[in-house]
Amino acid sequence: MAEDVNVNKDDRKKFFHWRSTKIPLATELSYRYDPMEMKEKFLPTEKQRELYNSLNKVFSDDPMDKMNKKVYKYGGAVGQSRAKQEFVEWGKKLAKERGIPSYNREVGIPLGQRYYEPQLISGTDIIVDFDDLNLYNNPAMQQMIDDVKRTVIIGLDIPHRVLQLRVGKEITPESMNLYMETLQHTLGGGAVVQEHMAEVHPGLTYDAYAKILTGDDELKEQFDKRWVLDVDKEFHPERAEKLKKGIGESLYVVTRNPTLRVRMADGGAIKRGSAIASTMAFVASYRLTGEAVISDFAYAAKHAQQIAMGEIMWQSRSRAENEPGGIPYGYWADICTAESYLEPKPFFSAVVEDLDEGKRQLDAALEAGTIAAVALENYWLGVYMSGGISFTSASAVVMAGNILDDFVYRFAELLHTYFKGHERFPSKWMTGRAITETAVQYMMEVYEKYPALFEYHWGGGLRMAVMGIIGPALLSMTTGDAMLGNMLVNYAIGLIAKEGWVRTGFSGQEVQDHIGMPYSCSLRAEEGGLIELRGMNTPYISYTATHSAAAVAQCYAGMMGRGSAWCTSPLVKAAFADPHLIFNFREPRKEIARGALREFEPAGERDIVRPGRR
Amino acid sequence: MAELKRRRRGRKIKKYKPQLYPGPDEVSERRRFAMDASRRLKRFRSIPDDNLVMLLGHRHPGELYLSIHPPLDELVEKYDPVKNIVEPTPGARAGDRIRFILFTDSVYYPPMAPWLRARAYLNRYRGIDTVVYSSRQLLEMRERDLEAVSKELIETNLFDPGRVAIRGLTTHGHSLRLDEDGLMFDARRRYKFDKEIGEVVYIKNAQAEILDMPIPVGRPMSEREARGQDVTYRWDVAPYKSRTEIMSVIARYGTARIIGGYNPELLDEIDPLYGVRYDEIDKIKNNSEKYKNGGGE
């Protein structure tokens, strides 16, 4: 039937029926043809797309062919993957050495009957094995979370006030610098008060340090530059001004506990570790004695102004502070600093004026999505909540194959071409709905057009993650309204995509899309709250993977859309632009690629105290 | 709903008839067909009962059904009016254990898809439990009821041997490219295309246990035939973006859920399709009438 229409060109007239208005109305017949038969006509255009080239590179095949004649004949995963070959060798070696079998590819289902595709890290030319993106195999991903978990920010204004008013000490530039020098010593495990103490080998805790953070330039000048986190240096001048205004004249110290502590204990230990290290530094540098006022001071120094990255979680997920599940979405958006050197211009006006600038902003948003996907999908849901080996595919969707990049660039081109002269995009449900419908339908069509992409994102949850990130997050980016994006995630997944294909993601994936759409935009605490302050700790956020990256992407996109310098906290934003961090939060995808290539050097190793290393 | 009642005033409303699904096109019609219990499914092939039992792999052909409780007729239970109202299915009456069948539907022109399965099952069958995944759909029933329903599901137009598969475990493969015979990928290799008889033949049961003899389940549809049975909107069959009726229903549904979720009474005042108040719509309509008749005042 479809073929008949194409063959007989006269029948093309039937595509339209004409009314007196002379406006052609599409009939059902208009759509009963197979566009793939006209493939040759649009293929040259398709070949220019980033998506086509990436899929071609990854699959070494025509990505638009829906038949794969080589399937079942690839020779297994071991034949296709260097990593798997290494695993098999290690499995044999371990079995011999310890006498108990280990990794054994002979048990379970044979892998690699289909094409075991490598992963092209988006925004780079680096192709890595899929196994190298597994959280356990990638030290960069682990370090990323460790760097977040080991960070605690402590306000110094209240301790200084207590020192002045209650203890009667004078706060001077010298005393503050002495405190900072002492703090570098105590954070790493050095003793300051007790005369007879076993201490920690500084080589094990080389990554422990503290830095001063303030928005007041005069105050900053009073500190030794070695321990100042200079916002002016780390951000675009306009962005730095905004951040400094946000931080204000208060004085904060950003403490980084040693990674080894994270590896040995949990986020709760980090919170206490920072508190005790800071208190001991105060005690030593100000020569405090054991009088009663010290208990007041201890509270002031330890807890009064302490900002942990994450809150304690509720009972069934019970974790201490600073664990990934308790970190709000808005903080995750602040933790990504990919935008730090970009001008803080609202995305809509930026992209309308300059397409490249718009694309750079979109790249930054994808970097934020990568951080969220690794932290929340791989780490939180894939390890903490499920006890598994992490959901590698869920984060690969965001960071690999240039897929999202292609989608968002198209959107940027659309805005640049058709919205010239417009100053703002109304943040209304009706406009958002229309844009989301268009974006989701477009993405669905791309999946249908590229069977290789369907295979690449082989699980429904993965595809729904793309729908949930792209449509709504782009809208947040355009309007600057993260909440609108959150409403539209549900609309995109639970309604538009679902009715098109009559399928969505894996079981229960739509749970949070169907609990009631008012929840997504409710500000009442028991129903949801501000999206930036929600997180994996929000009770209605189920254990469902592939949703959290979308939520973080919206927060980040909202920030970029407003032209803001930070999303939820200027302190967190500034803290993660620190060049001394082991993981570079400006370029997470590149760092993860380095991890996959085994070029990333993580902290927290015990090599110094291993046999024969002294 | 006072506003709606006012708008309907004077209009004679006939007896309620469920519309099941919006849209004037063929795909919508296929969806309506699958969901409508009053319409008989088209029988395309025939599977002998014993073959079906072997394919499901829950019991051997001829084996008695295992029961989890005595037959209902023999049970002395407390009086419960609901039990008098709801007639038990044959499996429930006999006390059968609950078993399952799981279908995986390919993304390439499938005659059924997971959410549609759920809607069809719930409309057509009694005594079921169903779970929707992205590629597969689980149907749980009492064993003898399940066999009867499975037979209908496999023998009729809701099944395509090439693009729908019966799988109990390792169910993925729905979004992978088709193999050289046009069959959906199966990591357990439960079936293959028998070129001699031109049919898809199961060599393993749903649980991927090797069968004593191969079971043919019929000829796979050609791509052209499959397009004629496709229940999904695709860019090369029926593009989704041109489905204005479905999109407007979805829009109405989404907006109504938000507005009604806050306050159901707001739906009296706000039109969920446009998200604006009815009186504003009237105003816009009046204005447009005015312009049609030669502009403003």
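Conventions used here
Residues numbered from 1 in each chain as written. Chains lettered and ligands numbered in written order. Predicted model: local features only at pLDDT ≥ 70, side-chain atom pairs only at ≥ 80, totals over all residues. Heavy atoms only, no water. Helix = DSSP H or I, 4+ residues; strand = E, 2+ residues; numbered from the N terminus. Rg over C-alpha atoms; globule rule 2.2 N^0.38 Å. Buried < 20%, exposed > 50% of the residue type's maximum accessible area, 1.4 Å probe, protein only. Areas by Shrake-Rupley, 256 points an atom, 1.4 Å probe, with all protein chains shown as cover. Lys, Arg positive; Asp, Glu negative; His and termini not counted. Charge placed at Lys NZ, Arg CZ, Asp CG, Glu CD. Contact = heavy atoms within 4.5 Å. Expected span 1.5 Å × (residues − 1). Buried area = accessible area lost by both parts, 1.4 Å probe. Salt bridge = Lys/Arg side-chain N within 4 Å of Asp/Glu carboxyl O. Polar contact = N/O pair within 3.5 Å; in protein donor to acceptor, adjacent residues only side chain to side chain. Domains from an automatic or database assignment. Phe/Tyr/Trp six-rings, centres within 6.5 Å; stacked < 30°, edge-to-face > 60°. Lys NZ or Arg CZ within 6 Å of the ring centre and 35° of its normal. Pairing = 2+ DSSP bridges. Axes fitted to C-alpha atoms, helices over the stretch in contact; angles between N-to-C directions. pLDDT = per-residue confidence, 0-100.

**Considerations on the overall build of chain B**
- Within chain B, the regular secondary structure consists of ten helices and nine strands.
- For chain B, the C-alpha radius of gyration of 25 Å lies well beyond 19 Å, the compact-globule estimate for 297 residues.
- If one aligns the C-alpha atoms of chain B with their principal axes, the spans along those axes are about 85 × 60 × 30 Å.
- A total of 297 residues make up chain B; the buried ones form 49% of that total.
- A total of about 15,500 Å² of accessible surface is found on chain B, and carbon and sulfur atoms cover 52% of it.
- Here chain B contributes 54 positive and 46 negative side-chain charges, whose respective centroids are spaced 5 Å apart.

**Notes on the overall build of chain A**
- When you go through chain A residue by residue, the secondary structure sums to 28 helices and eight strands.
- Computed over C-alpha atoms, the radius of gyration of chain A comes to 27 Å, within 12% of the 25 Å expected from 2.2 N^0.38 for 614 residues, which places it in the range of a compact globule.
- Projected onto the principal axes, the alpha-carbon positions of chain A cover approximately 100 × 70 × 40 Å.
- In chain A, buried positions account for 60% of the 614 residues.
- Put simply, 75% of the contacts in chain A that link residues at least 6 apart link residues at least 24 apart.
- About 25,200 Å² of surface is accessible on chain A, with carbon and sulfur atoms providing 53% of the total.
- On chain A, the mean spot of the 72 positive side-chain charges and the mean spot of the 80 negative ones are 4 Å from each other.

**Comments concerning helix α20 (residues 429–449) of chain A**
- If you check α20 of chain A, its first and last C-alpha atoms are 30 Å apart, about what 21 residues at 1.5 Å a residue would give, namely 30 Å.
- In terms of residue burial, α20 of chain A counts as a mostly covered element, since 16 of its 21 residues are buried.

**Comments concerning helix α6 (residues 114–124) of chain B**
- The buried fraction of α6 of chain B is high, at eight of eleven residues.
- Of the positions making up α6 of chain B, those classed as buried are Pro114, Trp115, Leu116, Arg117, Ala118, Ala120, Tyr121 and Arg124 of chain B.

**Re the interface of chain A and chain B**
- With 65 residues of chain A at the interface, the matching set in chain B holds 64 residues.
- Of the roughly 5,700 Å² buried at the junction of chain A and chain B (both faces included), carbon and sulfur atoms supply 57%.
- Where chain A meets chain B, there are six salt bridges.
- Of the charged contacts in the structure, one is a salt bridge between Lys73 of chain A and Glu180 of chain B, with a shortest N-O distance of 3.0 Å.
- Counting every contact that joins chain A to chain B gives 29 residue pairs in polar contact (both at pLDDT 80 or more).
- Looking at the side of chain A that touches chain B, the elements that each hand over two or more residues are α1 (2–7), α20, α21 (451–456), α22 (460–479), α23 (482–501), α24 (511–514) and α25 (517–521) of chain A.
- Among the elements that line the side of chain A that touches chain B, the one with the most residues is α20 of chain A, at nine residues.

**Digging into the domain arrangement of chain B**
- Examined at the domain level, chain B breaks down into domain 1 (19–233) and domain 2 (244–288).
- For domain 1 of chain B and domain 2 of chain B, the distance between their C-alpha centroids amounts to 39 Å.

**Quick look at the environment of Thr244 of chain B**
Residues and elements named next belong to chain B.
- By the secondary structure assignment, Thr244 is in helix α9 (residues 244–262).
- Classification of Thr244 by relative accessible area gives exposed; the value is 61%.
- In this structure, the C-alpha to C-alpha distance between Thr244 and Tyr262, residues 18 residues apart in sequence, is 27 Å.

**Concerning the pattern of salt bridges**
- Tallying each qualifying case throughout the model produces 65 salt bridges over all chains.
- Between Glu455 of chain A and Arg177 of chain B there is a salt bridge, and its shortest N-O distance comes to 2.8 Å. Of this pair, Glu455 of chain A sits in helix α21 while Arg177 of chain B sits in the loop between β4 (164–166) and β5 (191–194), placing the two residues on different chains. There is no split in this pair, since Glu455 of chain A and Arg177 of chain B are both buried.

**Some remarks on the packing of aromatic side chains**
- Under the defined criterion, the tally for this structure stands at 29 aromatic pairs over all chains.
- Taken together, a centroid distance of 6.3 Å and an interplanar angle of 65 degrees make the contact between Tyr116 of chain A and Phe130 of chain A edge-to-face. One end of the pair, Tyr116 of chain A, is in the loop between α5 (82–98) and β3 (119–120); the other, Phe130 of chain A, is in the loop between β4 (127–128) and α6 (139–149), with 14 residues separating them in the sequence.
- Plain terms: the ring middles of Phe576 of chain A and Phe585 of chain A are 5.1 Å apart, the flat faces sit at 75 degrees to each other, and that makes the pair edge-to-face. One exposure class covers both Phe576 of chain A and Phe585 of chain A, and it is buried.
- Each member of the aromatic cluster is reached from another via a ring pair, and the members are Phe59, Tyr74, Tyr115 and Tyr456 of chain A.
- Residue placement shows Arg59 of chain B over the ring face of Tyr65 of chain B; its charged tip is 4.1 Å from the ring centre.

**Notes on the side chain of Arg30 of chain B**
Residue and element names in this part refer to chain B.
- Counting through the fold element by element, Arg30 comes out in helix α2 (residues 26–35).
- A relative accessible area of 17% places Arg30 in the buried class.
- A polar contact is formed between the side chain of Arg30 and the backbone oxygen of Gly228, at a distance of 3.0 Å.
- Every residue in contact with Arg30, bar those within four places of it in the chain, is listed here: Arg227, Gly228, Gln229, Asp230 and Val231.

**So, the sheet that holds strand β6 (residues 199–204) of chain B**
All names here are of chain B.
- Spatial ordering of the open sheet is given by β5-β6-β7, a layout of three strands whose pairing is antiparallel. Each end of this open sheet is capped by a strand with a single partner; those strands are β5 and β7 (210–218). Looking at each pair of strands side by side, their axes are set apart by 30 degrees on average, direction ignored.
- Of the pairings in the sheet, the one linking β5 to β6 comprises four bridges and is antiparallel in character. Note on β6: the bridge partner recorded for Asp194 is Glu199.
- Along the sheet face, helix α3 (residues 49–56) touches β6 and β7 and points at about 120 degrees away from the line of β7.

**A word on the confidence of the model for chain A**
Residues and elements named next belong to chain A.
- Residues with a pLDDT of 70 or more make up 92% of chain A, whose mean pLDDT is 89.
- Across chain A, strand β6 (residues 209–214) holds the top mean pLDDT of 98, while α1 sits lowest at 42.
- Taken together, the stretch residues 1–7 has pLDDT below 50 and engages in 17 contacts with residues farther than four places along the chain or on a different chain.
- Here residues 14–21 is modelled with pLDDT under 50, and outside its nearest four sequence neighbours on either side it reaches 17 contacts, counting other chains as well.

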